[in-house]
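What follows is each chain in one-letter form.
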Amino acid sequence: MQDEDFVTIRLLVNGETHRLVVESRRLLADVLREDLGLTGTNLGCEHGVCGSCTVLLDGQSVRSCLMFAVQANGHEVMTVEGLARGGELHPLQQAFWEKQGLQCGFCTPGFLMTAYELLQHNPAPSKEEIRHALSGNICRCTGYQHIIEAVQSACQAIAEARGTVPSGTGA
Amino acid sequence: MKPPRFRYFAPQSVEEALILLAEHTEEARVLAGGQSLVPLMNMRLAHPGVLIDINNISELAYVHSWNGGLALGAMTRDAALERDTTVAARLPLLVEAARCVGHPAIRNRSTVGGSIAHADPAAELPAVMLTLNAEFEVRSRSGSRTISARDFFKGYLATDLKADELLTELRVPGLPVSAGSAFVEFSRREGDYALAGVASVIVLDEDGTIADARLGLCSAGPAPVRPQSAEALLRGQRPGDETWAAAATAVITELNNPPSDIHGSADYRRHLAGILTRRALAIATERAGRKR
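Residues numbered from 1 in each chain as written. Chains lettered and ligands numbered in written order. Predicted model: local features only at pLDDT ≥ 70, side-chain atom pairs only at ≥ 80, totals over all residues.

A. Representation of the sheet that holds strand E3 (residues 54–57) of chain A. Residues and elements named next belong to chain A. With mixed pairing, five strands are arranged side by side in an open sheet as E2-E1-E5-E3-E4. Of all the strands in the sheet, just strand E2 (16–23) and strand E4 (60–63) have a single pairing partner and so form its edges. On average, adjacent strands in this sheet sit at an angle of 40° to one another, irrespective of strand direction. Pairing of strand E1 (residues 6–13) with E2 involves eight bridges; the strand directions are antiparallel. Its bridge partner being in E2, valine 13 is matched across the sheet by glutamate 16. (Pairing = 2+ DSSP bridges. Helix = DSSP H or I, 4+ residues; strand = E, 2+ residues; numbered from the N terminus. Axes fitted to C-alpha atoms, helices over the stretch in contact; angles between N-to-C directions.)

Laid out in C-alpha cells, this is it:
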C-alpha cells in the first residue's frame, strides 16, 4: 500500500479561488462535492459513461469523475452552481423548468453543462446537432424529447434577449 | 468506486517525464487524457503505484506538416484533431474517425497518443493509423526509436512500447491527392465502443479501376486488423457491388478471432465487418471519384 500523497492546489471554481490540500487520487467530482460543498455535480457511474458529473474545465466539458482534482490545479472550473446569476436562472435552466426537461433531476446538471458548452460554440444548433452534443449524457426518466425541446427553447430565449433571431431552431 | 493510492508527478517537459519513467519504470503508468486509464483505476482494474501525468507538457500537443501528411504530438486531443483544418484538408479520414471517439466531453480530454499507447482493439485511431501506414516515435532516457503501426500493435492492450518509453509523436504519411477515404462503424448507441468499424482508402486509375485499396478494422480481433488478402483482391478491379461483396467475403475469412461478448457474438461481428467493409469501400470510392 502506498503512503498518502497530498498536493496543494488552487482551483478557480465559478469565479471563486480556492486553495486546497487534496490527496492526489481524489477525483475532481469528489473535491467539488465534498471539499467545496458544490453538490450540484452528481456522480452516476464513476467511469465516464453517464455524463452526470460533466463540468466545464477552462470552458470545455469534461467528466469530473475521470480527472483527478490535482489535474485541475490552476485551471478554471464551472459547475452547475455557476449558471444562475444574481438569483436568476440561466435561460437553459429556465427552459428545462418550463419544458419539463427533467423528472428526477439527477442527470440534469450534466445535461445543462453539456448544453451550455454547445451554445457557446453554436447559438442556433439544429435538432440533430443538439442530439449529437448530448449523446454522452444519459437520462433514465424523460426519454430525451423534452430535454431537446428545452435546449431549443433556451436558444430561442437567448436569441430574443439579444435581439437576434436564430435560424433552424423552430421548436 | 474510487481509485487506489498512487504517487503523482506532473512533469513540465518530455525530458523530465523520461527521467521519472526511468526512475519508476516498474510501477509507473503514464496519464494522458485519462479517459481509459482513470475508469480502469476507479474500478481498481489498474493500480499503478506512480502516475506520471503528461498533461502539462505543452510541447507534446501540436499538428505539423510532415511528408505530405501530418506529424501529431502525442498529447493532441481528439477534439483538436476533429477541428483542425490542416488535418481535414490532408487526411480527412483522421477527422472522420476522431468524431467517432466517445462523446464530445470525452474528446475534450482524450488524446491521439493515449489511444495508440492504450491499444484498445475497439478504438478507432489504432485501426486508422494502421490503415494510413503511420509510424510512431517513442523516447526513453536511453534514446528514441521509430516503430511502424504494423509492428506496434501486438495484441489486446499490448504494444511494442517498453515500460520506460514514452510515445511522443505519431507520423502519418500523406495520401495521393486523388485518394478517397472513409471510416464507418456500428455501435448500439452513439459514442459507445463500436461493435465493428472499418477504415478504407481507395485510389482510382485513369480508367476508373482500383489502383490501390487499403482496409483497417477495429473491434475485429485482439488488435486492429489490416486484411491484406482483401486489399490484394481489390487492386486492378472495377469498383462496384460485386467487387465490394468479394472484398467483404475476404475480410470475413481473414477475421480469425473477433471478440464475442454480450454486445455481439463473433459471428455477428464478422457479419458486421463484411457489411461495413462494403459501405466503407463504396463511400471511399465515391469520394475518390469526385476528385478525378
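B. Focus on the pairing of strand E13 (residues 210–218) of chain B. Residues and elements named next belong to chain B. Within E13, seven of the nine residues are buried, which leaves it mostly tucked inside the rest of the structure. Both strand E12 (residues 196–204) and E13 contribute to a ladder of eight bridges, which runs antiparallel. The residue bridging leucine 204 from the neighbouring strand is isoleucine 210, located in E13. Between E12 and the antiparallel strand that follows it, E13, lie five residues; glycine 208 among them carries a positive phi value of about 90°. (Buried ≥ 20, exposed ≤ 12 C-beta atoms within 10 Å, placed from the backbone.)

C. Just the domain arrangement of chain B, in detail. Residue and element names in this part refer to chain B. By the assigned domains, chain B splits into domain 1 (7–53), domain 2 (58–172) and domain 3 (180–290). A C-alpha centroid distance of 18 Å is found between domain 1 and domain 2. Between domain 1 and domain 2, the contact holds 15 residues from the first and 20 residues from the second. (Domains from an automatic or database assignment. Contact = placed C-beta atoms within 7 Å.)

D. Here's a closer look at the sheet that holds strand E11 (residues 180–186) of chain B. Residues and elements named next belong to chain B. Ordered in space as E11-E12-E13, the three strands form an open sheet in which the pairing is antiparallel. Looking at strand neighbours, the two that pair on one side only are E11 and E13, the edges of this open sheet. Each adjacent strand pair in this sheet contributes to an overall mean axis angle of 15°, direction not counted. Where E11 meets E12, seven bridges bridge the pair, whose relative direction is antiparallel. Residue pairing across strands places phenylalanine 183 opposite alanine 199, the latter belonging to E12.

E. Molecular detail of the packing of helix H2 (residues 91–98) of chain A against helix H5 (residues 145–162) of chain A. All names here are of chain A. It is the contact of H2 with H5, at a shortest axis distance of 8 Å, that shows an interaxial angle of 130°. Classified by the angle between their axes, H2 and H5 sit oblique to one another. For H2 against H5, the interelement crossing comes out right-handed. Counting all contacts with H2, which are made through Pro91, Leu92, Gln94, Ala95, Phe96 and Glu98, the residues of H5 involved are Ala150, Ser153, Ala154, Ala157 and Ile158. (Parallel < 35°, antiparallel > 145°, perpendicular 65-115°, else oblique. Left-handed = near helix turned anticlockwise from the far one by under 90°.)

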